[in-house]
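Single-letter residue listing:
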Amino acid sequence: MRSLADAQAEPYWLGRPGAPAPAEPLDGVETTDLAVIGAGYSGLWTALLAKERDPQRDVVVLEAGTAGWAASGRNGGFCAASLTHGFDNGLSRFPAEMDTLEKLGRANLDEIESAVSRYAIDCDFSRTGELNVATAEWQLKGLEAEHREAVSRGVSADLLDRAAVRAEVDSPTYLGGLWDRDGCAMVDPARLVWGLREACLALGVRFHDNTRVERITHAGAGLRLHTWRGRVDAAHVALATGAHGNLLRRLHHYVVPVYDYALMTEPLSEAQLASIGWRNRQGIGDAGNQFHYYRLTADNRILWGGYDAIYYKGGITPEHDQREATFATLASHFAQTFPQLGDVRFTHKWGGVIDTCSRFSGFYGTGHGGRLAYAAGYTGLGVGASRFGANVMLDLLTGSRTELTSLKMVRSKPMPFPPEPVRSGVIQLTRWSIANADRHEGRRNIWLKTLDRLGVGFDS
Ligand SMILES: Cc1cc2nc3c(=O)[nH]c(=O)nc-3n(C[C@H](O)[C@H](O)[C@H](O)COP(=O)(O)OP(=O)(O)OC[C@H]3O[C@@H](n4cnc5c(N)ncnc54)[C@H](O)[C@@H]3O)c2cc1C
């Protein structure tokens, strides 16, 4: 496609100046109070909050690559208050504690905003809210039902009819929308990573990049992390490895790596931007089962991602970061949504792995006799929720019951995925059924209804 002809095959966010120089790999033996494995948002928030809770605590972060190279540096930058991959998903799984989860999620987003300001993190944090748009009648009914439920629980959201939604952002495909004005911020994801890392350094956190932890064994009362050229003996460990984790066998049952893809346009001219409106600069998602997410950057590019969620039986490899068929699909959907932008070209195309679990929202736990805590399974909505997960991990490591560790969401686990080869078959059948539902007014077939009854699913 012409619009994709010059697109560079790399994540837009990570390719810009400002990335920190990598820290020296671990070479030798170190001891610490808390070792954090992984320098994405989960690991960085854990290190930062650990230091904020107790400045005397020694903290070291071990990262297999460099900070934010994985999902945290290449995502859409929707930093949502939701801890449950959206209100509806949370309500269906944790109805009794949904009010608490909403309250904790809003507080978490407020805390992110205040940390960004406190540490002067230059990440274009902007609390624009999120607009969920309907592009088919059945989606409109879903948004109306979600609005009724949200309002009855005191959650504010504005239901927009066709004219009102098009007055916000002008696409001929929009039939209506639900605008949560406060529950989501747009961030520059890589700069958030880089800023969090800088804040950690300022509080005395030590980093070793290009340092993969290969094994965890017991050492006295603590744990020993083995790397290629050294080891760390730690009293406690926080495992923050996202979709990449193979250090704790049980995580493999709960998490599947799913590839999500995105495009970035060139900066829009003033006239191009005026042709679509978008003065309030909300993040936008459409309400299909296979949904797109899109947003403006500070320099008025449009990031356009989502729709396909691809599971590869072979697991994670750099080749999967590029998928031309998905890029072509995304580009054609962009053209349908914004025919006014027919001349706009894409400058970047990329993919990344999300840690999908069958309940679409994070899960938490401990291992090695309570000396290790983990958080994973954010499934495409971990930018904000990973800070909450970091607090959960730190609470779990205290061994005491807290408000967070008492939550059903924290105490329960998602339904595990079956092992291969059944896993691939089940995921392909589910993906096919989801696409079919989108083509047939949202009608769910017997397979999807069965999964719904069991409380499991597949999403990005
Ligand atoms: C294309 C895309 C778009 C997305 N859009 C959004 C969005 O708009 N909003 C949203 O909320 N979420 C979004 N997400 C999801 C979000 O990016 C993730 O939920 C979040 O970044 C997860 O952070 P993390 O720290 O848990 O994992 P990661 O960022 O994956 O970090 C894990 C780190 O652990 C390291 N690691 C793994 N194993 C080891 C080991 N053995 N030793 C040392 N280090 C190790 C890895 O190298 C990696 O750096 C998106 C994801 C993708 C891929």
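Quick note: structure is the one above.
All residue numbers refer to positions counted from 1 along the written sequence of the respective chain. Under the rules for a predicted model, residues below a pLDDT of 70 receive no local features and side-chain atom pairs below 80 are neither given nor counted, while totals for whole chains, interfaces and linings still include all residues. Heavy atoms from the whole structure form the basis of all side-chain values; hydrogens and water molecules are not counted.

**Student:** Is there a simple way to think about the sheet that holds strand S14 (residues 292-296) in this case?
**Tutor:** Strands pair in a sheet through their backbones, by hydrogen bonds, and they do so in one of two ways: parallel or antiparallel. Note on pairing: two strands pair once DSSP finds at least 2 bridges between them. Every helix listed is a DSSP run of H or I at least four residues long, and every strand listed is a run of E at least two residues long, numbered separately from the N terminus. The strand order across the open sheet formed by eight strands is S5-S6-S4-S13-S14-S15-S12-S16, and the pairing between neighbours is mixed. Edge positions in the sheet fall to strand S5 (158-160) and strand S16 (346-356), since each has one partner strand and no second. Sheet twist, expressed as the average angle between the axes of neighbouring strands with direction ignored, equals 20°. Pairing between strand S12 (residues 256-265) and S16: 10 bridges, direction antiparallel. Bridge assignment links Leu-263 to a residue of S16, and that residue is Lys-349. Against the sheet, helix H9 (residues 324-337) contacts S12, S14, strand S15 (302-306) and S16, and its axis sits at roughly 50° relative to S12. Here an axis means a line fitted to C-alpha atoms, over the contact stretch when the element is a helix, while the angle between two N-to-C directions is reported on a 0 to 180 degree scale. Contacts between residues were defined by any pair of non-hydrogen atoms, one from each residue, lying within 4.5 Å.

**Student:** Sorry, what's going on with the environment of Arg-411 here?
**Tutor:** Along the chain, the position of Arg-411 falls in helix H11 (residues 408-411). The spacing of Arg-411 and Pro-11 is 400 residues in sequence and 35 Å in space, taken between C-alpha atoms. Residue contacts for Arg-411: discarding those within four places in its chain leaves Arg-401, Thr-405 and Ser-406.

**Student:** Got a minute to help me understand the packing of aromatic side chains in this structure?
**Tutor:** Each pair of aromatic rings is reported with the distance of its centres and the angle of its planes. Here a Phe, Tyr or Trp ring, Trp counted by its six-membered ring, pairs with any other such ring whose centre lies within 6.5 Å, and the pair is stacked when the planes are under 30 degrees apart, edge-to-face when over 60, and tilted otherwise. According to the stated counting rule, one finds 16 aromatic pairs in the structure shown. Seen from their ring centres, Trp-278 and Tyr-294 are 6.2 Å apart, and the 85° between their planes marks the pair as edge-to-face. Pair noted here: Trp-278 is in the loop between helix H8 (270-276) and strand S13 (283-286) and Tyr-294 is in strand S14, with a separation of 16 residues, a long-range link. Working definition: with a 1.4 Å probe on protein chains only, accessible area under 20% of the residue-type maximum means buried, over 50% means exposed, and in between means partly exposed. Accessibility expressed as a relative area gives 1% for Trp-278, which makes it buried. Residue Tyr-294 is classed as buried on the basis of its relative accessible area of 1%. For the ring pair Tyr-294 and Trp-304, a centre distance of 4.2 Å and an interplane angle of 40° mean the geometry is tilted. Linking Tyr-294 in strand S14 with Trp-304 in strand S15, this pair joins segments that are 10 residues apart in sequence.

**Student:** Please explain the pattern of salt bridges as it appears in this structure.
**Tutor:** Pairs can form between side chains of opposite charge once their charged atoms are near each other. Each reported salt bridge corresponds to a side-chain nitrogen of Lys or Arg within 4 Å of a carboxyl oxygen of Asp or Glu. Going through the model one piece at a time under the given rule, you end up with 29 salt bridges. Between Arg-206 and Asp-58 there is a salt bridge, with its nearest N and O atoms 2.3 Å apart. Here Arg-206, found in strand S8 (residues 206-208), pairs with Asp-58, found in the loop between helix H1 (41-53) and strand S2 (59-62); they are 148 residues apart in sequence, far enough to count as distant. Residue Arg-206 is classed as partly exposed on the basis of its relative accessible area of 28%.

**Student:** I'm lost on the nonpolar core in this one. Help?
**Tutor:** One broad rule of soluble globular proteins: the nonpolar side chains tend to lie buried together. The biggest cluster of nonpolar side chains holds 74 residues, and the ones touching the most others in it are Leu-34, Trp-45, Phe-125, Leu-192, Leu-196, Tyr-364 and Phe-388. Broken down by element, this core gets its largest block of residues, eight residues, from helix H10 (residues 385-398). Once residues within four sequence positions are removed from consideration, Tyr-364 is found in contact with Tyr-374, Ala-375, Tyr-378, Phe-388, Gly-389, Val-392, Leu-396, Met-409, Val-410 and Lys-413. Put simply, a nonpolar core is a bunch of buried Ala, Val, Leu, Ile, Met, Phe, Trp, Tyr and Cys residues held in one set by side-chain atoms that sit within 4.5 Å of each other.

**Student:** Explain the site of the ligand to me, please; I cannot follow it from the model alone.
**Tutor:** Around the ligand, the structure places 35 residues, and the nearest of them are Ser-42, Glu-63, Trp-69, Ser-72 and Val-383. Pairs of N or O atoms are called polar contacts if they sit within 3.5 Å, as long as, within protein, a hydrogen donor faces a hydrogen acceptor (for residues adjacent in sequence, only side-chain-to-side-chain pairs). Ala-64 places a polar main-chain atom, nitrogen or oxygen, 3.0 Å from a nitrogen atom of the ligand. Trp-69 is positioned with one of its side-chain polar atoms (N or O) 2.8 Å from an oxygen atom of the ligand. Using a 1.4 Å probe, the Shrake-Rupley method yields the accessible areas, and only the shown protein chains count as cover for residues. Taken by itself the ligand offers 1000 Å² of open surface, and the protein chains cover 98% of this. Within the residue set of the shell around the ligand, elements represented by two or more residues are H1 and S16. Of the residues forming the shell around the ligand, the biggest block, three residues, is contributed by S16. Here the residues of the shell around the ligand sort into 17 nonpolar, 14 polar and four charged. Working definition: residue near molecule or strand if any one of its non-hydrogen atoms lies within 4 Å of it. Lys, Arg, Asp and Glu make up the charged group, whereas Ala, Val, Leu, Ile, Met, Phe, Trp, Tyr, Cys and Pro make up the nonpolar group; the residues left over, Gly among them, are polar.

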